[in-house]
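# Analysis of the macromolecular model
Letter by letter, the chains look like this.
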Amino acid sequence: MSIDVRNITRTYGDFYALDDVSVALPTGQLTALLGPSGGGKSTLLRIIAGLDTADSGSVSIEGVDATKLPPQKRNVGFVFQHYAAFKHMSVAKNVAFGLEIRKRPKVEVKKRVGELLELVHLSPFADRMPSQLSGGQRQRMALARALAVEPTVLLLDEPFGALDAKVRKELREWLRRLHDEVHVTTVFVTHDQEEAMEVADEIVVINGGRIEQVGSPDELYDQPANDFVMGFLGEVTRLGHVQLRPHDIEVAVGPGRAGAHAGRVTRLQRVGFEVRLLVELESVEPGREVAPVSVSVTRSHAHALDLELGARVWLTPAVGATTVPAMVAV
């Protein structure tokens, strides 16, 4: 394993940022630390980097106990959300900084900087100042600077969080391609579920200072360990006594399979190829309030069923749907 975290606890007064956390992160893999704000993911990343200190526990990097090593001795590259660029230096100088303070030969520095700028598609901007770059370009510069010293591990703390949605999507696709080229063990923090699902080989879901589940994107989506993981990795609705995803509900305009729930369509919204429905169930105990069921179908399916507001429909979990027990029976 490239990174082995054992029994890490970090408190701030009475608050447990991390509570006896253990996780092993494989060499050469791109791992996402995913969770809500305040869940502990950035604290864990900073402890791995040596930028924060745990109250107890250990961190090993490539088999070396790094628990008490300062950041500069851990051979990690770290990229912050807000670039942390040297504003008075050109793009090339920013990338070269780590090599120059290590007193590498000038010829080696020039060659390495040239290779990295080409890798991150910034060669034409080598002589520009950071202020002359877009947000996405500045983040690519920060990644090149972190890679310049050939770190054992690359750590990214919400690297695309300050960028707009379109640029974030472009950069996460680029990061996946970059990782496949350089194969450096990479760990990145995000609260964006789509980002983690799209980019990572493995996801570590952290909530309340504890690890909820570790697995591939498919494993977490299809086999969530609990209702928190299921709800955090995608939209969830309730049908009867289970929670499931809106697209995992079959809709029929006549009585469906045994156990189908009858209801009325109270909202119908078309979003691109998708039609989103809200269905109020009919078989609800008197005096009990139950949230409408969210259902997602394709536009072609909605047209085939001739769905419209007020239509009476029957809902059943689709065959093979991922379900977890509802916390409160409905």
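Structure's up top.
Residues numbered from 1 in each chain as written. Predicted model: local features only at pLDDT ≥ 70, side-chain atom pairs only at ≥ 80, totals over all residues. Heavy atoms only, no water.

At a minimum axis distance of 7 Å, the contact between helix α2 (residues 91-101) and helix α4 (residues 135-148) shows a crossing angle of 25°. Considering the angle they form, α2 stands roughly parallel to α4. Remark: the crossing between α2 and α4 carries right-handed chirality. Here Val91, Asn94, Val95 and Leu99 of α2 lie close against α4, whose contacting residues are Met141, Ala144, Arg145 and Ala148. Of the residues assigned to the contact of α2 with α4, the class counts are 6 nonpolar, 1 polar and 1 charged. (Axes fitted to C-alpha atoms, helices over the stretch in contact; angles between N-to-C directions. Helix = DSSP H or I, 4+ residues; strand = E, 2+ residues; numbered from the N terminus. Parallel < 35°, antiparallel > 145°, perpendicular 65-115°, else oblique. Left-handed = near helix turned anticlockwise from the far one by under 90°. Contact = heavy atoms within 4.5 Å. Nonpolar A, V, L, I, M, F, W, Y, C, P; charged D, E, K, R; others polar.)

Applying the stated rule across the entire model yields 17 salt bridges. In this structure, lysine 169 and glutamate 198 form a salt bridge, with 3.7 Å as the shortest nitrogen-oxygen distance. Here lysine 169, found in helix α5 (residues 165-182), pairs with glutamate 198, found in helix α6 (residues 193-199); they are 29 residues apart in sequence, far enough to count as distant. Residue class for lysine 169 comes out partly exposed when judged on its relative accessible area of 35%. We classify glutamate 198 as partly exposed; its relative accessible area is 32%. (Salt bridge = Lys/Arg side-chain N within 4 Å of Asp/Glu carboxyl O. Buried < 20%, exposed > 50% of the residue type's maximum accessible area, 1.4 Å probe, protein only.)

Before going further, it helps to examine the sheet that holds strand β15 (residues 274-281). With antiparallel pairing, 5 strands are arranged side by side in an open sheet as β13-β17-β14-β15-β16. Each edge of the open sheet carries a strand with a single partner, namely β13 (249-252) and β16 (293-298). Along the sheet, successive strands turn relative to each other by an average axial angle of 45°, direction set aside. Where strand β14 (residues 261-271) and strand β17 (residues 312-317) come together, 4 bridges link them in antiparallel fashion. Across the sheet, the residue bridging to arginine 264 is arginine 312, located in β17. (Pairing = 2+ DSSP bridges.)

Let us now look at the pairing of β17. Two strands pair when backbone bridges link them, and β13 and β17 are joined in this way by 4 bridges, in the antiparallel orientation. Paired with glutamate 250 across the two strands is threonine 316, which belongs to β17.

Along the chain, arginine 172 falls in helix α5. Each C-alpha atom of the pair arginine 172 and threonine 11 lies 32 Å from the other, and the pair is 161 residues apart in sequence.

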